Amino acid sequence: MTTLNKKKFVFTFIFSLFTLLTYAQQPLKVAVFAPVYIDSAFNRDTYKLGNGFLPKNILPGLDFYNGVMMAVDSLQAEGKPLEVLFYDSKSNESIYNIAHSPQFDSVAMIIACFNSRNEVKPLADIALNRNIPLISATYPNDGGVIANPYFVLINTSLKTHLEEIYRYVQRNHSTQNIIYFKRKGALEDMLMGIFNNMNRKTASLALKYKTVELSDDFSNELLATYLDSTKNNIAICGSLNEAFGIKLVKSLSSNKNYNATAIGMPTWDGLKELDRSDCNGVNLVYTTCYNYPKNAPLLASLSQRYKNKLNARPSDMFYKGYESMYHFSSLLVKNPTDVINHLSDKDFKIANEFVIEPLSSKTPNTMIDYLENKKIYFIKKLDGAYR
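Presented here is a report on the structure given in the accompanying data block. This one's a predicted model, so the numbers in the text were calculated from it and none came from an experiment. (Residues numbered from 1 in each chain as written. Predicted model: local features only at pLDDT ≥ 70, side-chain atom pairs only at ≥ 80, totals over all residues. Heavy atoms only, no water.)

Quick word on the pairing of strand β1 (residues 28–34)
Walk down a regular strand and you will see the side chains alternate between the two sheet faces.
Right, so step 1: Burial of β1 is extensive: 6 of the 7 residues sit out of reach of the surface.
Right, so step 2: Here β1 runs beside strand β4 (residues 82–88); their pairing, made up of 7 bridges, is parallel. When the sheet's bridge partners are listed, Ala34 is paired in β4 with Asp88.
Right, so step 3: With 5 bridges joining them, β1 and strand β5 (residues 107–112) adopt parallel strand pairing. Residue pairing across strands places Val32 opposite Ile111, the latter belonging to β5. (Buried < 20%, exposed > 50% of the residue type's maximum accessible area, 1.4 Å probe, protein only. Helix = DSSP H or I, 4+ residues; strand = E, 2+ residues; numbered from the N terminus. Pairing = 2+ DSSP bridges.)

Shown next as structure tokens:
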């Protein structure tokens, strides 16, 4: 899709909604929020950003929308009794006005693609007041939500990723030369604190590792002083900074006399720089809670449908939109009165398994802060190829 047509955008959605309604007299309502920025792209009904041009800020939310709409087509074909309402979270209309409109009455589930922290809690509060689940599909941040058992964080928090990385190293590399590399920064200090806390509280044998703070312009020679030629070197990248992570892998690659495994953050997912030749020879491991193997038959079929319709390649946001819409809406239809207790069910799996568990870390243990997906996948690559 190279241009946006405001009227066509709205009509396409309403048409899909209408055809879904023909299958049931009392459909369940699902409200979907995603940042499409339609108001900023149009002057009334005239697209004002130029032919053939879409700003980068529009693309993720638009691809999520495309995934949602393709899932609507699939749900329609299966005769699922659903009414789907789509809202542009970046429109000029406030969340409060939307939630108190007659159209929003009797909504049974909310699916949201957030892209900023301050959007989370207002919608989570609405879900809590109405006792309906809010599925936060893409944003790995709780937005300050507490005491809300209806807020469901699917894109797992950094804390959970760090905890799983610790356990992974503990299970697989405990006897090797482990170095936790970080750069200076408050976020990096927080990540290191989570990792150190896991080491203090572990019921198993604690890891022995060195913590090394590097400047952004560290040399290959400096890095080599921390490596051991007699062991596999486990280099944990304790930073979300992509440039720092890429430089760390390149430096490990340049030190050819040392075997190395670099373990990175979920921000490494999709980093094409890590597949280049100057990163060769380093085993890469990173975490994700969304794993979309493109050769899986269903995903390949969805990709072809996307190409046929839009003459482009789908991004991961498309798959996330499709999966969250199809999977959780199908669970709602099957369990209309208590879907909140069935969010981990695998009946309608698309690509990923979700292990939804209550989190009670901010408030007394008798209260649930929110629900979080605890399923983490470890992606392994060498020289640009998955292993």
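Some remarks on the side chain of Ser74
Right, so step 1: Secondary-structure assignment places Ser74 in helix α3 (residues 59–77).
Right, so step 2: Ser74 gets classed as buried once you look at its relative accessible area, which sits at 11%.
Right, so step 3: Look past the residues within four positions of Ser74 in its chain and what remains in contact with it is Arg305, Tyr322 and Tyr326. (Contact = heavy atoms within 4.5 Å.)

Considering the packing of aromatic side chains
For any pair of aromatic rings, the description rests on two quantities: the centre-to-centre distance and the angle between the ring planes.
Right, so step 1: For the coordinates displayed, the defined rule picks out 18 aromatic pairs.
Right, so step 2: Here Tyr166 and Phe195 contribute two aromatic rings whose centre-to-centre distance is 5.2 Å and whose plane-to-plane angle is 70°, an arrangement assigned as edge-to-face. Highlighted residues: Tyr166 in helix α6 (residues 158–172) and Phe195 in helix α7 (residues 186–201), separated in sequence by 29 residues. As far as burial versus exposure is concerned, Tyr166 and Phe195 are alike and both buried.
Right, so step 3: Of the aromatic side chains, those joined through ring pairs into one cluster are Tyr290, Tyr292, Tyr306, Phe318, Tyr319, Phe328 and Phe354.
Right, so step 4: Between Lys247 and the ring centre of Phe218, over which it is positioned, the NZ or CZ distance is 4.9 Å. (Phe/Tyr/Trp six-rings, centres within 6.5 Å; stacked < 30°, edge-to-face > 60°. Lys NZ or Arg CZ within 6 Å of the ring centre and 35° of its normal.)

What to know about the packing of α3 against helix α10 (residues 297–310)
Right, so step 1: At their nearest, the axes of α3 and α10 sit 12 Å apart, and the two run at 110° to each other. Classed by the angle they form, the pair α3 and α10 counts as roughly perpendicular. Note on element contacts: α10 touches α3 through Leu302, Arg305, Tyr306 and Leu310, opposite Asp63, Asn66, Met70, Asp73 and Ser74.
Right, so step 2: Looking at side-chain class alone, the contact of α3 with α10 contains 4 nonpolar, 2 polar and 3 charged residues. (Axes fitted to C-alpha atoms, helices over the stretch in contact; angles between N-to-C directions. Parallel < 35°, antiparallel > 145°, perpendicular 65-115°, else oblique. Nonpolar A, V, L, I, M, F, W, Y, C, P; charged D, E, K, R; others polar.)

Things to note about unusual backbone geometry
Right, so step 1: One non-glycine residue, Ser106, lies in the positive phi region at around 65°.
Right, so step 2: Within the fold, Ser106 resides in the loop between α4 (95–99) and β5.
Right, so step 3: For Ala147, which is not a glycine, the phi torsion comes out positive at approximately 50°.
Right, so step 4: Counting through the fold element by element, Ala147 comes out in the loop between β6 (134–136) and β7 (151–153).

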